[in-house]
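Listed below, chain by chain, are the residues.
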Amino acid sequence: AAVPVPWALMYPTCSAVMPARIAFSLPGEAAVTLRIHDLQGRVVRTLVRGPASAGLNEHIWDGTGDDGRRAASGIYFTVLDTPDLRLTRKLILAR
């Protein structure tokens, strides 16, 4: 029997020379929204809004906002919203 995949939002990986890799896993196909928020809770970038497949999903944040401008160095949060839950992880952007 297949082992069920849990809901998960992995901690992002990034460095000064490469964009952030953000991964999450889903137990089944679901409508998701994956966003980057600043410390004040404002949405900086929406990476995904729509259906995502079961299993591992990976997305890249290049450090820019929805307006195309480079985000400042600092602390951000990756937020994964689904119809069933919200998961949040801290991300540190260092330039």
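Parameters and conventions
Residues numbered from 1 in each chain as written. Predicted model: local features only at pLDDT ≥ 70, side-chain atom pairs only at ≥ 80, totals over all residues. Heavy atoms only, no water. Salt bridge = Lys/Arg side-chain N within 4 Å of Asp/Glu carboxyl O. Helix = DSSP H or I, 4+ residues; strand = E, 2+ residues; numbered from the N terminus. Buried < 20%, exposed > 50% of the residue type's maximum accessible area, 1.4 Å probe, protein only. Pairing = 2+ DSSP bridges. Phe/Tyr/Trp six-rings, centres within 6.5 Å; stacked < 30°, edge-to-face > 60°.

### Examining the pattern of salt bridges
- What the rule picks out here adds up to six salt bridges.
- E58 is the salt-bridge partner of R21, the closest N and O atoms lying 2.7 Å from each other. A residue pair is termed long-range when its members are at least 10 positions apart, and R21 in strand β3 (residues 18-26) and E58 in strand β6 (residues 55-61) qualify at 37 residues.
- On the accessibility criterion, R21 (34% relative accessible area) is partly exposed.
- Linking R69 and D67 is a salt bridge whose minimum nitrogen-to-oxygen distance equals 3.0 Å.
- According to the relative accessible area criterion, R69 is exposed, its value standing at 61%.
- Bridged by salt links that share partners, the residues R45, D62 and D66 form one connected network.

### Here's the deal with the pairing of strand β8 (residues 86-93)
- Both strand β7 (residues 74-81) and β8 contribute to a ladder of eight bridges, which runs antiparallel. Bridged to T78 within β8 is R89.
- Remark: four residues form the turn of the hairpin made by β7 and β8, two consecutive strands paired antiparallel.

### A look at the packing of aromatic side chains
- For the structure shown, the criterion picks out one aromatic pair.
- On the numbers, 5.5 Å between centres and 65 degrees between planes, the contact of W61 with Y76 is edge-to-face. On the criterion of sequence distance, the pair formed by W61 in strand β6 and Y76 in strand β7 is long-range, its members being 15 residues apart.
- Residue W61 is classed as buried on the basis of its relative accessible area, which comes to 1%.

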